[in-house]
Amino acid sequence: MAIHIVKRSVFVVGIMVLGCAIIAAATNGAGFRLSHKLHVETAGAACEDCHEAAATADASSANLLPPVTGCTACHDAAEVAEYGYTGEAAPERELIFSHRTHATTVGLTCEDCHSGIRKATEPPSGLPEMAPCVHCHNKREMAGDCGVCHSQVALRRPGNHVADWILDHVEYARSDAPSCAICHTRTYCQECHDGAALGLAIRGEAGAPADRIGPTAAAHEGSDLLILQRTHNLNYIFTHGTEVRSKTSDCATCHEMPSFCNACHNPEDDARRFRPVWHGAPGAFDFAHAEMARNDIEACAACHDVSATEPECLRCHQSTVSPHSDGFMEDIHGDWHDNDDAVCFVCHDNSRHAGQGFCGRCHGRESDD
Amino acid sequence: MRRLAMTALALLGGIVALAAAEATVLSGRVGVSSYLWERSELDTTETRHLQNTGTLSLRLARIAGQDLCVSTSMRGRYDARNRGDNTDDYRVYHFNVRWRNVADRVDLEAGRHRLYWPTGTVNIDGGSAEARLWRGISIGGYYGVTPPEDGSLKLTEFDEGHAYGARLNLPKCRLGRIIVAFAERRGAHGYVVDGQAVEVNNLISRRIGIDWRRPIDGFGTAYGQLVYQIPTHRIGRVHLSARWRATPTVSVHGQFRYRRPDIAYNSIFWVFGPSRYYEARLRANIRLNPTWTVNVGGTYVDFVDDNTQRFDVGLSHRYFSVMIHGKAGGAGSTMGLTGNALYPINDRWTVHGGARYSSYEFGEDQEDANWETAIWGGARWNWMTQSSIELEAQFLSQDVTTQQDFAGNESDFRLMARISYWFFNRFGA
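These numbers come from a predicted model, not from an experiment.

Focus: the overall build of chain B
The helix and strand tally for chain B stands at one helix and 22 strands. Out of the 429 residues in chain B, the part that is buried amounts to 38%. For chain B, the proportion of contacts with a sequence separation of at least 24, taken over those separated by at least 6, is 43%.

Rendered as C-alpha cells:
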C-alpha cells in the first residue's frame, strides 16, 4: 500500500508541477511602467489631473486609470504611443468602496490611503494595504465587519493562510494577535478552542455547517485547500478513529479530551454509544490493551478516568501486575510525601510510618538507620 | 433558557442605560440556522433531526468615551424533531467588561473570558490584568473559577474548579519575542450527556510555558514553544518551527513537535505508560502567480511501537482547489482526493461546491478497502451588505466497516439554511 501511495504521489506531483509551469508561463506578462514621483514631484501634477474621476467615483469597479487623452494633455501622442500606453482596463475589484464618500464626505486625502504614492517610482502592484482602512474601521470609529468593504469575504485570505494553516496559526496567534484581530474576533477563536462546547456541538453531526459562524476557518490537516468554515470533513465521524490512533493530529488542542471522547464512546447504559474498535468485540478483552495503553493512554483516560467508579485498570494492576517500569519515580520527591490525597494511595497503603507499608519501601530500612 | 433570557435582558438594560453616553458604539452579529439530517441510531432505528441554532454576539464599546467595552457571545440550539431527548443547549461563550489603556499602562478584564497563553488556553469567570512597563515589556495575571461545562452563567464553586496564572512578555529581547507563563488549573472536569452531568476526576495541572518567536532577516521566522509540567518534573511539549522564504514566491516550513500525553499527575492514568509522540513536518508552498499556488507536504509521526507517514499535494486557484492526501503506517492507510470550488457570480451571489473521496485500509487482514465520499453544494446571497442568506445541500456516503457496526447511514442527504445579520451603531457625539 505504501509503495503504491509513493508511486501515485510522484506521478501526481509531476503532472501538477508540469501543469503549473505551463499556467505560470502563460499568465506572466510585462506591465506598464510609470513613476508617480516624476509626475507629482518633478512635473507638479495633482492626482486628479490624471485620475479625473477619482474624487467622484462611487463604485470600486469604476475605471480610475487615466485615459490616453489624460496623458496627451502634457505628452505628445507619439511619445505616449512609444511607451505603449493605450489606456488600462479597470482591474477586477470586489470591494464595496466609494471614493466619493471617503474623499468628499469624510475628507480624506489620496495619500491617507495610498500611502507613499507621491514617492513611488513604480506603479502600485495592487490595492493599498488594509492598515489605513482598519485605522477607522475598527469597530469603534466605524463598522469593522469584513462585509463592510468585501463583498466576497470567502475569497479573501492572507497569503500565509496556506493549506496547513490550521496547524500553523498558533505561531502567529500567540505573537501576532493584533493582525489576527483585523479579521477575526475573539469569539472566532473560541468556536474551536472552547473544547467543552465542541463536545456537544459536533457529537453526531461532524462537520455540521450549523457550527460555522466565522468566515474563513481553515480546513483540517490541509485536506481541503479552499474549503470554508469547516474544520473536519463531513464523514469525519466515521473515520476519525484512524487519525486518533495514528496521532496525526492533536485532538486536545480543541477538544477537552477527558470528556470529549467519553461523550460518545462510554457504552454504559446506552447502546447508541460505541466502544473504540481497538477494544475488540465485547468480552474479547486481551492483552493487546497494553500496547494500546503505551501508545495512547490519553484515550484510555478519556473514558475510564471517571470519578465514583474504580478505574478498570486497577482490577488487575492493583494486585497482580505492576504498571510501573523499573526505577519508576525513584529520583523524584513525589507529592505523596505531602499530600494524603495523592494518586499513589489509590493502590498503595498510606502508612505514614517508617518501615511500614508503602512508606517502608524507602524509609525505615536498615540502610536508612 | 431562563438564565439566557435574564442575561439578554440585563445586557439590554445596560445598553439602553449607556446608549446616551458619549460616542458609545454598539455592534454585533445575529445568526439563525437550521440543519436537517437523518441518522441511524441503531441498525434498525433511524431518526430525523432538525437542529436550529441561534447565535448572538454583542459589543458595546467606547463607553463614556473611554476604551471601555462590554461584550458577549452566546449560542442556543435545540433539535426541533427530538425535543424529548434533552438536546437543548444554551451557552454563553464570553460575557465580560474590558477596559484598556487605563493610565496608558494597564488593560483590565473581568467576567467570562478566555486567555491564550503559552501554558495553554483557559476559560475563566474572573479577572485578568496586564501592565505595560517599559520597552514593551509587560506582566499580566489572571484569577478565576472555571465556567461550568454546560456554558451556563452559573458560577462554579471555587473548590470545584479554578485557575490562575501569570506571564511575562518580553517582545524585544535580543533573541526575539519571548513570553514566559505559569498556570495552575484544578477542578472536576465535567460534561453533559443527554442532559445528565457526568464528572471526571478532580484533576490538577501546573505548568510553565515559554513561547519564542523571532523574525530572521533574509530567512524567515523561527518559533519555539515549551511546556514544562511542574508536578511531574517533565517536559510536556516542545514545538520548534522554522519558516524559510526561499524566494518571494516559494516558502518552506519545517516543524518538529514532541509531546507527552496530557494526563493530570493526580490521575491514576498518569502512572501507566511512558507514552510520547514525535512529529516532524516539512512543507513547501509555491506561489506560481497571484492566482495559482502549489503546496507539497509530508509528515512523519513516531510513537511507542509504531509510526505514521502522511503526505499531501495540492493545487489551488483563486476559485477552486484540488488536493490529494494519503497516510500510511500505524492505524491503517488512507488515500483521498478532495476538490472545492467557490465562485462569485456577482457582488451579491456566490456559489460553492465540492467533492471528496477517500479509501481506507484499517488493517493488513482487511480484504477490501473501505471508502467514504461526500458531495456538497450551495449558494450564498448577500441581499444586503449587513445580511446574507446561505443554503447548502450535502450528500454523504460511506462504507466504513470495522469490528463493530457504526451507527449512521450508509448514505445521507442533508440540508442547511442560515441567515446572518450584523449591525453597527454609534450613539452620542
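With respect to the nonpolar core
A general feature of soluble globular proteins is that nonpolar side chains tend to end up buried together. Formed by 13 residues in total, the largest nonpolar core has its most connected members in A:Ile297, A:Cys300, A:Ala301, A:Ala302, B:Ile263 and B:Phe269. Membership of the second largest hydrophobic core comes to twelve residues, among which are B:Leu115, B:Ile179, B:Ala181 and B:Ala183.

A word on the confidence of the model for chain A
Residue and element names in this part refer to chain A. Mean pLDDT for chain A: 69, with 60% of residues reaching 70 or above. Confidence scores differ between elements of chain A, with helix 12 (residues 195–201) showing the lowest mean pLDDT of 43 and helix 6 (residues 99–105) the highest of 90. Scored below 50 in pLDDT, residues 26–30 shows three contacts in the model against residues more than four places distant or in partner chains. Considering only residues more than four positions removed or in separate chains, one finds that residues 196–229, a stretch of pLDDT under 50, has 99 contacts.

A closer look at helix 13 (residues 236–245) of chain A
The α-helix advances 3.6 residues per turn, and as a result positions three or four apart in sequence lie on the same side. By the criterion of burial, helix 13 of chain A is predominantly enclosed, with seven of the ten residues buried. Residues A:Ile237, A:Phe238, A:Thr239, A:Gly241, A:Thr242, A:Glu243 and A:Arg245 constitute the buried set of helix 13 of chain A. Packing partners of the buried residues in helix 13 of chain A comprise strand 18 (333–344), strand 19 (349–361), strand 20 (370–384) and strand 21 (387–398) of chain B. Downstream of helix 13 of chain A by one or two residues, A:Lys247 has phi in the positive range, about 55°.

Brief notes about unusual backbone geometry
Residues and elements named next belong to chain B. In the Ramachandran plot, Asn101 falls in the positive-phi region, its phi being about 60° despite a non-glycine side chain. Residue position: Asn101 is located in strand 4 (residues 89–102). Classification of Asn101 by C-beta neighbours within 10 Å gives partly exposed; the count is 13.

What about the pairing of strand 6 (residues 120–132) of chain B?
Residue and element names in this part refer to chain B. As paired elements, strand 5 (residues 106–117) and strand 6 share twelve bridges and run antiparallel to each other. Paired with Gly111 across the two strands is Gly126, which belongs to strand 6. Adjacent in sequence and paired antiparallel, strand 5 and strand 6 are bridged by two residues. Note that strand 6 and strand 7 (residues 138–145) share eight bridges and pair antiparallel. Paired with Ala131 across the bridge in strand 7 is Ile139. If you look at the hairpin formed by strand 6 and strand 7, you'll find five residues sitting between the two strands, and Arg135 has a positive phi there, around 50°.

A word on the environment of B:Thr156
Residue and element names in this part refer to chain B. One can find Thr156 in the loop between strand 7 and strand 8 (161–173). As a C-alpha pair, Thr156 and Val145 span eleven residues in sequence and 6.2 Å in three-dimensional space. Not counting residues within four places of it along the chain, the set of residues in contact with Thr156 comprises Val145, Thr146, Pro147, Pro148 and Gly161.

Re the confidence of the model for chain B
Residue and element names in this part refer to chain B. Averaged over every residue, the pLDDT of chain B is 82; the share at 70 or more is 83%. When mean pLDDT is taken per element in chain B, strand 7 scores highest with 96 and helix 1 (residues 2–19) scores lowest with 56. What the predictor reports for the complex is a pTM of 0.77 with an ipTM of 0.77.

Comments concerning the environment of B:Phe423
Residues and elements named next belong to chain B. Looking at the element boundaries, Phe423 is found in strand 22 (residues 411–426). Of the residues examined, Phe423 has 14 C-beta atoms within 10 Å and is grouped as partly exposed. Put simply, Phe423 and Gly314 are 109 residues apart on the chain and 38 Å apart in space, counted from C-alpha to C-alpha.

Cut-offs applied
Residues numbered from 1 in each chain as written. Chains lettered and ligands numbered in written order. Predicted model: local features only at pLDDT ≥ 70, side-chain atom pairs only at ≥ 80, totals over all residues. Helix = DSSP H or I, 4+ residues; strand = E, 2+ residues; numbered from the N terminus. Buried ≥ 20, exposed ≤ 12 C-beta atoms within 10 Å, placed from the backbone. Contact = placed C-beta atoms within 7 Å. Core = buried A, V, L, I, M, F, W, Y, C linked by C-beta atoms within 7 Å. pLDDT = per-residue confidence, 0-100. Pairing = 2+ DSSP bridges.

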